[in-house]
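Structure at a glance
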Amino acid sequence: VGSGAVGCFYASRLHNLSDGVLVSLICRSNYQAVKEHGVRLRTRSYGDYVFTPENVFKSVEDARNLLWDYIVVATKALPDVSDDSELLSSIVTQDKTTIVLIQNGIGVEQPYRVRFPNTPILSAVTVISAEQTEPGVVVQNRWTRISIGPFTDGNGRDNASLAEPFASLLRKGGIKDAEVYDEQGLQIVRWHKIAINAAMNPSSVLSGGTPNATMVKDPELRSHLTNCIEEVFRGASAVTGISFPPPTLATAEQIIRSTERNEGGRPSMLLDWERGGAMELEVILGNPIRLALEKGVEMPRLHAMYALLKTAQSRRDTKGSKL
Ligand SMILES: NC(=O)c1ccc[n+]([C@@H]2O[C@H](COP(=O)([O-])OP(=O)(O)OC[C@H]3O[C@@H](n4cnc5c(N)ncnc54)[C@H](OP(=O)(O)O)[C@@H]3O)[C@@H](O)[C@H]2O)c1
């Protein structure tokens with residue numbers, strides 16, 4: 001569910017006829033194109049190929065008569081626009097189905113946990129650069145890494161093995177860096193990734209569409225971005241109880257230096273803003289700000305960007321607004 005760039009890319013790597021792993025896509029605006037031609041992939045990691053799904057459905061309702069082992073959700077996480085967990089009500093079979101969320105952000109699991117209290121959930125964070133350039137055409141520019149862990153309440157320990165069966169399907173499909181974590185470990189990966197997204201994405205939009213590598217070469221923006229990353233690290237430490245960044249993950253300075261090499265990298269929030277779409281403001285900014293505040297840590301830099309972008313988006317979307 002959510003057959004865009006990320007959904008189609010990982011679906012194409014999971015589908016494996018010789019092992020009997022059959023993947024179907026629930027499409028929306030790209031239904032006709034995918035039904036007629038499959039998904040055409042242009043990838044840096046695996047070359048060009050066509051992925052023909054087992055079934056292509058134009059709605060979740062059309063998929064309800066089959067028994068699903070895994071339901072992979074790769075929609076944009078937009079809790080302020082829609083509760084996508086509701087979509088799954090007719091296709092989740094208790095004791096049979098595992099829900100896998102491949103989405104950016106903090107708190108994305110919560111609506112699914114609440115709606116399906118007894119259904120296993122895997123939470124996945126991906127480092128990839130991919131885009132659906134036209135309906136049914138997906139380009140993977142670089143990276144494949146996906147980190148996967150179980151989700152009960154976010155604090156479970158020593159349960160990484162629950163994510164292994166799904167990760168091994170991805171590894172068989174050539175995703176060498178499909179990694180498993182226990183529940184707390186995965187939340188630490190999520191917070192670390194959000195430190196990068198929460199710094200870069202809104203700053204890129206608010207600086208008039210500046211690419212990441214250009215931002216970090218500007219002294220004022222470099223200082224702003226470093227401060228934003230460190231601000232999220234302080235919030236992440238308070239929420240997870242782990243000192244950020246943990247030794248295995250990059251420091252703010254290392255993130256900034258590696259961004260210098262990411263020439264041409266334009267954050268997804270900027271692409272969403274430019275095409276007039278909804279930005280993932282709540283899961284990238286709002287939820288982290290609120291969770292940190294519950295632990296007594298304010299994030300004034302993030303809060304300022306959140307307030308500005310929320311208002312900018314709402315004014316853009318309110319036709320004829322004179323406010
Ligand atoms: N792209 C990347 O490089 C990248 C990297 C890391 C993480 N991520 C994260 O991965 C997630 C997915 O991103 P993406 O880039 O793959 O987004 P995307 O290309 O916009 O794909 C989202 C897909 O979900 C579909 N969708 C949304 N609501 C739906 C609904 N109610 N029913 C059926 N389909 C629905 C959309 O259909 P329509 O086209 O009809 O709207 C679209 O095909 C996001 O959380 C993003 O932040 C992306």
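Just so you know, the residues in each chain are numbered from 1, in the order the chain's sequence is written. In view of the model being predicted, local features appear only for residues whose pLDDT reaches at least 70, and side-chain atom pairs are presented and counted only at 80 or more, with totals across whole chains, interfaces and linings using the full set of residues. Excluding hydrogens and water, the side-chain values take into account all heavy atoms of the structure.

**Thoughts on the nonpolar core**
Using the following cut-off: We define a nonpolar core as any set of buried Ala, Val, Leu, Ile, Met, Phe, Trp, Tyr and Cys residues linked to one another through side-chain atoms lying within 4.5 Å. When accessible area is computed with a 1.4 Å probe and restricted to protein chains, residues below 20% of their type maximum are described as buried, those above 50% as exposed, and intermediate ones as partly exposed. The helix and strand labels rest on DSSP assignments: H or I over at least four residues marks a helix, E over at least two residues marks a strand, and numbering proceeds from the N terminus. The split of the chain into domains comes from an automatic or database domain assignment. Residues are treated as being in contact if the distance between any of their heavy atoms lies within 4.5 Å.
Residues Trp191, Ile229, Leu285 and Leu302 are the most contacted members of the largest nonpolar core, which totals 39 residues. Elements that contribute at least two residues to this core include exactly helix 5 (183-206), helix 6 (212-217), helix 7 (219-240), helix 8 (252-259), helix 9 (268-274), helix 10 (281-294) and helix 11 (300-317). The element that contributes the greatest number of residues to this core is helix 5, accounting for eight residues. Both of domain 1 (5-181) and domain 2 (186-317) provide at least three residues apiece to this core. Once residues within four sequence positions are removed from consideration, Leu302 is found in contact with Ala198, Cys228, Glu231, Val232, Leu285 and Ile289. With 29 residues, the next largest nonpolar core counts Ala11, Val39, Phe166 and Ile175 among its residues.

**Focus on the packing of aromatic side chains**
This is how it is decided: When the centres of two rings from Phe, Tyr and Trp lie within 6.5 Å, Trp using its six-membered ring, the rings pair. Their planes under 30 degrees apart give stacked, over 60 give edge-to-face, and anything left gives tilted.
In total, this model carries five aromatic pairs according to the counting rule given. Judged by centre distance (6.2 Å) and plane angle (35°), the rings of Phe9 and Tyr46 are tilted. Of this pair, Phe9 sits in helix 1 (residues 5-14) while Tyr46 sits in the loop between strand 2 (39-43) and strand 3 (47-51), and the two are 37 residues apart along the sequence. Take Tyr46: its relative accessible area is 24%, and that puts it in the partly exposed class. The interplanar angle of 85° and the centroid separation of 6.2 Å between the aromatic rings of Phe57 and Trp68 together place this pair among those described as edge-to-face. With Phe57 in strand 4 (residues 56-57) and Trp68 in the loop between strand 4 and strand 5 (70-73), this pair connects stretches of sequence that are 11 residues apart. Just as Phe57 is buried, Trp68 falls in that class too.

**Re the site of the ligand**
Here is the rule: Here a residue counts as near a molecule or strand whenever at least one of its heavy atoms sits within 4 Å of it. Throughout this description, a polar contact denotes any pair of N or O atoms lying within 3.5 Å of each other; where both atoms belong to protein, one of them has to be capable of donating a hydrogen while the other can accept it, and for residues adjacent in sequence the pair is counted only when both atoms sit in side chains. In short, Shrake-Rupley with a 1.4 Å probe defines the accessible areas, and a residue's cover is counted only from the protein chains shown. Under the scheme applied here, ten amino acids are nonpolar (Ala, Val, Leu, Ile, Met, Phe, Trp, Tyr, Cys and Pro), four are charged (Asp, Glu, Lys and Arg), and all others, including Gly, are polar.
In the vicinity of the ligand lie 20 residues, with Val6, Ser29, Asn104, Ala130 and Glu280 positioned nearest. In the model, an oxygen atom of the ligand is placed 2.8 Å from a nitrogen or oxygen of the Val6 main chain. Burial of the ligand by the protein chains amounts to 82% of its free accessible area of 900 Å². Of all the secondary structure elements, the ones that give two or more residues to the shell around the ligand are helix 1 and strand 7 (121-134). No other element matches strand 7, which puts four residues into the shell around the ligand. Along the lines of polarity and charge, the residues of the shell around the ligand split into seven nonpolar, nine polar and four charged.

**Digging into helix 7**
To be explicit about the condition: Residue count minus one, scaled by 1.5 Å, sets the expected span of a helix.
In this model, helix 7 (22 residues) spans 31 Å end to end at C-alpha, consistent with the 32 Å of a helix rising 1.5 Å per residue. Inspection of helix 7 places Leu221, Leu225, Thr226, Cys228, Ile229, Glu231, Val232, Phe233, Gly235, Ala236 and Thr240 among the buried residues, and these make up the whole buried set. For helix 7, the capping residue at the N-terminal end is Asp218, with a side-chain oxygen 3.1 Å from the backbone nitrogen of Glu220. Looking one or two residues beyond helix 7, the residue adopting positive phi is Gly241, at roughly 80°.

**Things to note about the domain arrangement of the protein chain**
Heads up, the rule is: Summed over both partners, buried area is the accessible surface (1.4 Å probe) that two parts give up on being assembled. When a carboxyl oxygen of Asp or Glu is within 4 Å of a side-chain nitrogen of Lys or Arg, the pair counts as a salt bridge.
Split by domain assignment, the protein chain resolves into domain 1 (5-181) and domain 2 (186-317). A straight line from the C-alpha centre of domain 1 to that of domain 2 covers 24 Å. Contacts between the two partners involve 28 residues from domain 1 and, on the opposite side, 22 residues from domain 2. Between domain 1 and domain 2 lies a buried interface of about 2,000 Å² when both sides are counted; carbon and sulfur atoms form 58% of it. When the buried area of domain 1 at its contact with domain 2 is split by residue, Lys76, Asn104 and Ile106 rank highest and sum to 34% of it. In this assembly, domain 1 and domain 2 are joined by two salt bridges. Of the charged contacts, one joins Arg190 and Glu109 as a salt bridge, the two residues approaching to 3.0 Å between their closest N and O atoms. At the surface where domain 1 touches domain 2, the tally comes to 13 residue pairs in polar contact (both at pLDDT 80 or more). Where the side of domain 1 that touches domain 2 is concerned, the elements lending two or more residues are strand 7 and strand 8 (137-150). Among the elements that line the side of domain 1 that touches domain 2, the one with the most residues is strand 7, at six residues. Of the residues that constitute the side of domain 1 that touches domain 2, the class distribution is 14 nonpolar, nine polar and five charged.

**Digging into the packing of helix 5 against helix 10**
Rules: Helix axes are fitted only over the stretch in contact, all axes being lines through C-alpha atoms; the angle between N-to-C directions runs from 0 to 180 degrees. Roughly parallel means an angle under 35 degrees; roughly antiparallel means over 145; roughly perpendicular covers 65 to 115; every other angle is labelled oblique. For a crossing to be left-handed, the near helix must be turned anticlockwise from the far one by less than a right angle; the clockwise case is right-handed.
Their axes nearest at 9 Å, the elements helix 5 and helix 10 cross at an angle of 120°. By the angle between their directions, the pair helix 5 and helix 10 is classed as oblique. When you trace helix 5 past helix 10, the crossing you get is left-handed. Residue-level inspection shows Trp191, Ile194, Asn197, Ala198, Asn201 and Pro202 of helix 5 in contact with helix 10, the latter providing Val283, Ile284, Leu285, Pro288 and Leu291. The residue makeup of the contact of helix 5 with helix 10, split by class, is nine nonpolar, two polar and no charged.

**Some points on the pattern of salt bridges**
Under the definition given, this model contains 19 salt bridges. Between Arg301 and Glu231 there is a salt bridge, with its nearest N and O atoms 3.6 Å apart. Of this pair, Arg301 sits in helix 11 while Glu231 sits in helix 7, placing them 70 residues apart in sequence. The structure contains a network of salt bridges with shared partners spanning Arg222, Glu253, Arg257 and Glu260.

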